[in-house]
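Chain by chain, the residues run as shown.
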Amino acid sequence: MTVFKRAAADGHCRAGAGPRNLLLGLAALLLSGCAPDHVVRSASEVHAGSAASSGSAAPAANAARAGKAAVTEPATDPGNSLRQAFAPYFLLGTALSAQQIAGQERGTLPLVQQHFNSLTAENVMKWQLLQPVEGQFDFSAADALLALAEQQDSVLIGHTLLWHEQTPAWVFQGPDGGPASRELLLARLTSHIQTVMGRYRGKIKGWDVVNEALNEDGSLRDTPWRRILGDDFYLTAFALAQQADPAAELYYNDFNLFKPAKRQGAVRLVRQLQAAGIKVAGIGMQGHYGLDFPALQEVEDSIRAFAATGAQVMITELDITVLPNPEQAQIGADVSQKLALQARLNPYTTGLPANVSQALTERYHALFRLFLQYEASISRVTLWGVHDGQSWRNGFPMQGRTDYALLFDRDLTPKPAVTALLQLAAESGGERRE
Ligand code: G3I
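What you are looking at is a predicted structure, and each value in this text was computed from that prediction instead of being measured.

(A) Layout of the overall build of the protein chain. A tally of regular secondary structure across the protein chain gives 15 helices and nine strands. Counting across all 434 residues of the protein chain, residues that qualify as buried make up 56%. Long-range pairs, those at least 24 residues apart, make up 80% of the contacts in the protein chain with a sequence separation of at least 6. Summing over all exposed atoms, the protein chain offers an accessible surface of approximately 16400 Å²; the carbon and sulfur share of this is 52%.

The following block contains the structure:
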């Protein structure tokens, strides 16, 4: 099979992070409640070292610039490790549950070590888990994940610093039980980011600084963060993060970014951050996809649009539901949607029919083929979980369904999709020699 390498649209280098004192100044302004409008710099100043590579460069040069291993030997043997197979192109990640991190799932961790070289906490680094009570941090599970990543020679990705979900109610409440004041919420956000990022400074490759800030039409989502801090809340969060760990990569992460309006909203948001002197290292496209959505063309258009900002593209939460989508539910991952279980929408409780399994394999293959086409712009592809049994898909948008969204069965058996992806990577290595 031919994997055709194509130039990422307009993915030329734009700028590195600005002088440190500028950033400290920006953070100070934000902390003092000032808007950062007057520290705007031109886009060309803002992104030079982080850039995704130009697709016109040679593969080895692209790989070197993106910190990837260059392909020097033809890869003819598909091998039995996804992380090795895709190492020349991008990191291959997974998300681990609290039970998995604690080693409470038999067989999972060796499998993770075999196939994945990037780890993300599915839950344990969210605010609710890290700081359930004001000022009382619990780093036990996050520390265990860091130790695991080091042991497995994998990178660790921080997920997530600012989100409207899985944030305890106290964060947004004032002493009288009403909404917190702007000053109080800003102080809490500052403390959280400094404490968490400070603890893991130099140990975490990058952070999903802001998660899911956009509506489907690309406008800013109505959340307590926005209502209390104002429309520039995401600028504040990124400035604080950049100050807390200047060497960490900073990402914006959202679902349904294949949709044109939401894509444009994300580009606008990233451009505003860049104009304010923030180095946005990556844009995370959560890949909560299905067998028949989104169209590959829409995913491709978003990869190109995001690469053109100078940021790397990351497919951050990949899973492919095989279940019918309830008419009432929007596709995506808005976890506030909760519907009643309906048997007709849960058709595969006793196993996956061969034709659906085949469709799942083909869908994974087609997506990874696209990712390989744009490997110069893509730094990481992360599956949202190791095996079907742990997948949040079983509970969304209704509890109690049996989905088959990931690469490994509930008993950890690799699916045919694993073989297909190993083969795809091997064939792609062959192509890359030319
Ligand atoms: O921790 C409690 C546990 O104490 C309790 O016994 C149990 C009973 O239900 O619930 C546990 O909390 C659950 C938590 O996962 C840990 O398992 C929550 O109810 C449940 O809502 C939570 O779901 C997570 C979801 O985010 C919450 O928004 C999923 O595991 C996680 O996969 C999902 O991940 C999100 C990304 O962070 C952002 N993008 C969308 C993605 C999918 O929703």
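(B) Molecular detail of the pattern of salt bridges. All chains considered together, the criterion is met by 12 salt bridges. Here Lys262 ties to Asp254 by a salt bridge, and the two come within 3.4 Å at their closest N and O atoms. Just as Lys262 is buried, Asp254 falls in that class too. If you follow the salt bridges from partner to partner, you end up with Glu216, Asp254, Lys259 and Lys262 in one network.

(C) The packing of aromatic side chains, seen in detail. Summed over the entire model, instances satisfying the criterion amount to 13 aromatic pairs. Aromatic side chains Phe86 and Phe368 sit 5.3 Å apart centroid to centroid with 55 degrees between the ring planes, which places their arrangement in the tilted category. With a gap of 282 residues between them, Phe86 in helix H4 (residues 82–86) and Phe368 in helix H14 (residues 354–373) connect regions that are remote in the sequence. For Phe368, a relative accessible area of 0% puts it in the buried group. When the centroid spacing of 6.2 Å and the interplanar angle of 65 degrees are considered together, the rings of Trp127 and Trp170 count as edge-to-face. Taken together, the positions of Trp127 in helix H7 (residues 127–130) and Trp170 in the loop between strand E3 (155–162) and helix H9 (182–199) put the pair 43 residues apart, joining distant regions of the chain. Neither Trp127 nor Trp170 differs from the other in exposure class; each is buried.

(D) Representation of the pairing of strand E1 (residues 91–96). With six of its six residues buried, E1 lies for the most part within the structure. Going residue by residue along E1, you find Leu91, Gly93 and Ala95 tucked away on one face and Leu92, Thr94 and Leu96 tucked away on the opposite face as well. Two strands pair when backbone bridges link them, and E1 and strand E9 (residues 378–383) are joined in this way by four bridges, in the parallel orientation. Residue pairing across strands places Leu91 opposite Arg380, the latter belonging to E9. The sheet contact formed by E1 and strand E2 (residues 118–121) spans four bridges and is parallel. Paired with Leu96 across the strands is Ala121, a residue of E2.

(E) Broad picture of the nonpolar core. Phe86, Tyr364, Phe368 and Phe371 are the most contacted members of the largest nonpolar core, which has 108 residues in total. For this core, the leading source of residues is helix H11 (residues 233–244), giving nine residues. Each residue touching Tyr364, except ones within four places of it in the same chain, is listed here: Leu318, Asp319, Ile320, Leu383, Ala405, Leu406, Leu407, Ala417 and Leu421. With six residues, the next largest nonpolar core counts Ala95, Phe255, Trp392 and Phe396 among its residues.

(F) Quick peek at the packing of helix H12 (residues 260–275) against helix H13 (residues 296–307). As a packed pair, H12 and H13 sit with axes 10 Å apart at the nearest point and diverge in direction by 15 degrees. Comparing their axes, H13 and H12 come out roughly parallel. Relative to H13, the crossing made by H12 is right-handed. The segment H12 lies against H13, with Pro260, Arg263, Ala266 and Val267 engaging Glu298, Asp301, Ser302, Ala305 and Phe306.

(G) Geometry of the site of the ligand. As a structural note, the neighbourhood of the ligand is formed by 15 residues, with Glu122, Lys126, His159, Glu212 and Glu317 the closest of them. With respect to the ligand, the side chain of Lys126 contributes an N or O atom lying 2.7 Å from an oxygen atom. Interatomic distance of 3.1 Å between a side-chain N/O atom of Gln286 and a nitrogen atom of the ligand. Across the complex, the protein chains shield 51% of the 780 Å² of accessible surface that the ligand would expose by itself. Looking at the shell around the ligand, its residues break down into five nonpolar, six polar and four charged.

(H) Local environment of unusual backbone geometry. Residue Thr160 is bonded to the preceding His159 through a cis peptide linkage, with omega at 5 degrees. Inspection of the secondary structure assignment puts Thr160 in strand E3. The omega torsion across Phe293 and Pro294 is -10 degrees, close enough to zero to call that bond cis. By secondary structure assignment, the location of Pro294 is in the loop between strand E7 (288–290) and H13. The backbone of Glu212 sits at a positive phi, close to 60 degrees, despite the residue not being glycine. Position of Glu212 among the secondary structure elements: in the loop between strand E4 (206–211) and helix H10 (224–229).

About the cut-offs
- Residues numbered from 1 in each chain as written.
- Predicted model: local features only at pLDDT ≥ 70, side-chain atom pairs only at ≥ 80, totals over all residues.
- Heavy atoms only, no water.
- Helix = DSSP H or I, 4+ residues; strand = E, 2+ residues; numbered from the N terminus.
- Buried < 20%, exposed > 50% of the residue type's maximum accessible area, 1.4 Å probe, protein only.
- Contact = heavy atoms within 4.5 Å.
- Areas by Shrake-Rupley, 256 points an atom, 1.4 Å probe, with all protein chains shown as cover.
- Salt bridge = Lys/Arg side-chain N within 4 Å of Asp/Glu carboxyl O.
- Phe/Tyr/Trp six-rings, centres within 6.5 Å; stacked < 30°, edge-to-face > 60°.
- Pairing = 2+ DSSP bridges.
- Core = buried A, V, L, I, M, F, W, Y, C linked by side-chain atoms within 4.5 Å.
- Axes fitted to C-alpha atoms, helices over the stretch in contact; angles between N-to-C directions.
- Parallel < 35°, antiparallel > 145°, perpendicular 65-115°, else oblique.
- Left-handed = near helix turned anticlockwise from the far one by under 90°.
- Near = heavy atom within 4 Å.
- Polar contact = N/O pair within 3.5 Å; in protein donor to acceptor, adjacent residues only side chain to side chain.
- Nonpolar A, V, L, I, M, F, W, Y, C, P; charged D, E, K, R; others polar.

Such coordinate-based values are descriptive only and should not be taken to indicate function.
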